[in-house]
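# A structural walkthrough
Listed below, chain by chain, are the residues.
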Amino acid sequence: MNNAFVLLQKYLMTPMAKISQFKIVRAVMAAGMASVPFCIVGSMFLVFNTLPMTFTGLETAFDNSVFKIRDLYMIANTATMGILALYFNIVVGYELTKIEEEETGLKVNALNGAMLSVFAFIMTLPELVMQNGAMVLFNDQSESVYNGLRLNPFVARLGTSGIFIAIVMAILATQLYFMCVRRNWVVKMPETVPLGVSRSFTALIPTFVIAFTIIILNGVLIYFGTDIFNIIGIPFIFVTNLTKSWLGIMVILFLIHALWVVGIHGASIIGAFITPIMLTNMNENVGGAAIPFAGEFNNSLVILGGSGSTLLMTFFIAFCAKSSQLKILGRASAVPAIFNINEPIIFGMPIVYNPYLALPFLLAPMACGTLGYFAISSGFMNPIIALIPWPSPMGLGAFIGTGGDYRAMFVAILSAILALIIYLPFVKIYDNKLYKEEQAKSENQEQLT
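Described below are features of the structure shown in this document. What you see is a predicted model; the values in this text were computed from it and never measured. (Residues numbered from 1 in each chain as written. Predicted model: local features only at pLDDT ≥ 70, side-chain atom pairs only at ≥ 80, totals over all residues. Heavy atoms only, no water.)

## Let's talk about helix α11 (residues 228–242)
- Across its 15 residues, α11 extends 23 Å between first and last C-alpha, which sits within 8% of the 21 Å expected from 1.5 Å per residue.
- Taken residue by residue, α11 has I228, F229, I232, G233 and T240 as its buried positions.
- The elements touched by buried residues of α11 are α7 (110–122), α8 (163–182), α10 (204–223) and α13 (266–286).
- At the N-terminal boundary of α11, the capping side chain belongs to D227, with an oxygen 3.3 Å from the backbone nitrogen of F229. (Helix = DSSP H or I, 4+ residues; strand = E, 2+ residues; numbered from the N terminus. Expected span 1.5 Å × (residues − 1). Buried < 20%, exposed > 50% of the residue type's maximum accessible area, 1.4 Å probe, protein only. Contact = heavy atoms within 4.5 Å. Polar contact = N/O pair within 3.5 Å; in protein donor to acceptor, adjacent residues only side chain to side chain.)

## With respect to the side chain of N77
- Of note, N77 is situated in helix α5 (residues 75–78).
- The class of N77 is buried, set by a relative accessible area of 14%.
- Beyond its immediate sequence surroundings of up to four residues, N77 is in contact with G42, S43, L46 and G82.

## Observations concerning a nonpolar patch on the surface
- Together, M130, M135, V197, F201, L204, F208, F212, I215, I216, V220, Y223 and F224 line one region of the surface with nonpolar side chains, adding up to about 1,200 Å² of accessible area.
- Of all the secondary-structure elements, those providing two or more residues to the nonpolar patch are α9 (195–201) and α10.
- It is α10 that contributes the most residues to the nonpolar patch, seven residues altogether.
- You can see V220 is positioned in helix α10.
- Given the relative accessible area of 44%, V220 is considered partly exposed. (Patch = residues over 30% accessible without salt bridge, like charges linked within 9 Å, V, L, I, M, F, W, Y side chains within 5 Å. Areas by Shrake-Rupley, 256 points an atom, 1.4 Å probe, with all protein chains shown as cover. Salt bridge = Lys/Arg side-chain N within 4 Å of Asp/Glu carboxyl O.)

## Quick look at the nonpolar core
- Among the nonpolar cores identified, the biggest contains 58 residues, and F297, L301, M313, I317, M349 and V427 are the most heavily contacted of them.
- It is helix α20 (residues 406–448) that contributes the most residues to this core, 11 residues altogether.
- Among all residues touching M313, those that are not within four sequence positions of it are I345, M349, I351, L420, Y423 and V427.
- Core analysis: the second largest hydrophobic core is formed by 50 residues, L86, A173, F178 and V209 among them. (Core = buried A, V, L, I, M, F, W, Y, C linked by side-chain atoms within 4.5 Å.)

## Focus on the packing of aromatic side chains
- By the definition in use, this model includes 14 aromatic pairs.
- Note on F38 and Y87: the rings are 4.6 Å apart at their centroids and 20 degrees apart in plane angle, and the pair reads as stacked. Taken together, the residues F38 in helix α2 (residues 23–54) and Y87 in helix α6 (residues 84–104) connect sequence positions 49 residues apart.
- Overall, the relative accessible area of 35% leaves F38 in the partly exposed class. (Phe/Tyr/Trp six-rings, centres within 6.5 Å; stacked < 30°, edge-to-face > 60°.)

## Digging into the pattern of salt bridges
- For the structure shown, the criterion picks out nine salt bridges.
- With a closest N to O distance of 3.0 Å, E100 and K23 form a salt bridge. With E100 in helix α6 and K23 in helix α2, the pair connects residues that are 77 residues apart, well separated along the chain.
- Residue classification places K23 among the partly exposed residues on the basis of a relative accessible area of 27%.
- Two residues, R150 and E127, come together in a salt bridge whose shortest N-O distance is 2.8 Å. Placement of R150 in strand β4 (residues 149–150) and of E127 in the loop between α7 and β1 (128–131) is noted, with a sequence separation of 23 residues between them.
- Via salt bridges that share partners, K23, E100 and R182 belong to a single interconnected network.

Structural data, given as structure tokens:
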């Protein structure tokens, strides 16, 4: 086990720790966290809208009352999930500029960075085609495409399918902004001009540079029958498709928990990469797909009680452990565990660098992930269509996230039991070890007195 820890630390912890410090990764992590409240609010309206599909007895009542204003309240969903890429774009642009200003001292403005990012992203939204030797906006009434904007139900490219492009455009815009400022390609105003006005003019030349860069790039690509949006989307579609497979999910769960084992918050680091994908998958589920790895799949069906799926294990040591250390720790950690908070267990038990518990900590989430994957892919339970708060208790998060599917509650409970079964032999061995140490220590103290 010591050799395994060394390998994990050398080949996983060190590279991931470095990656987590990249400015781009930090900005994307910030965007993911900032978008969560909007996703939850939008999802709640969607769940409310789908209740009669689960509880069919409500159909008539909803048709005669609530659904008469459905288009009104579903605007909240369109204004969140429908333009999610825009939220990511704004935050990534803002955070990247803020980090650059704070860490390098470059005289840039975070608000300018956000606005330039939006400008660059909006320029990629309209679809253009070559027609009679000219570049024109694509229109197709049968496909609901007007003036180059594909509508579904709003501008499709503003939704989850545009998240990756929004991130890339934010990175491109801010880097061009930084380049212009470093080379002093800015409009300088007299010192008497208010600082806010002066800073706004520093974005003038960068705006031209960004505009010409995107126009030239897009123009070349349109000439060859594509555009920036489609080109950038190709590698991300490949990565997204990996998360739709059982093997892809297993790799992700292994990486998250392998990082935890060596003391790094794996969920935060890996979350920066998978959050946009899980939101995209969830939106596909709303459209009729059945992708397991979507929304809060992990917190609803896999890591119940927190990373490592430690919920029932925490209650086991609280009431069944022989050692005082585990018993006290379990009782102190039981309530937080209900809400998927288990840092006291991870660092207090501890699980980090613990050869007795590292293996079940890796295996339990992978087993639960397998159960959740096949429960959804086989059609036993509905896929996740709504984002729920990650601290939602066992069963409740799965029930709401699937639009009210009671079978999801059953799968969540079964998942927690499966995790406990995996932990039991390892926890008992570790508990016996601690108990013997406590007994030996107690006997030594009695001899001394």
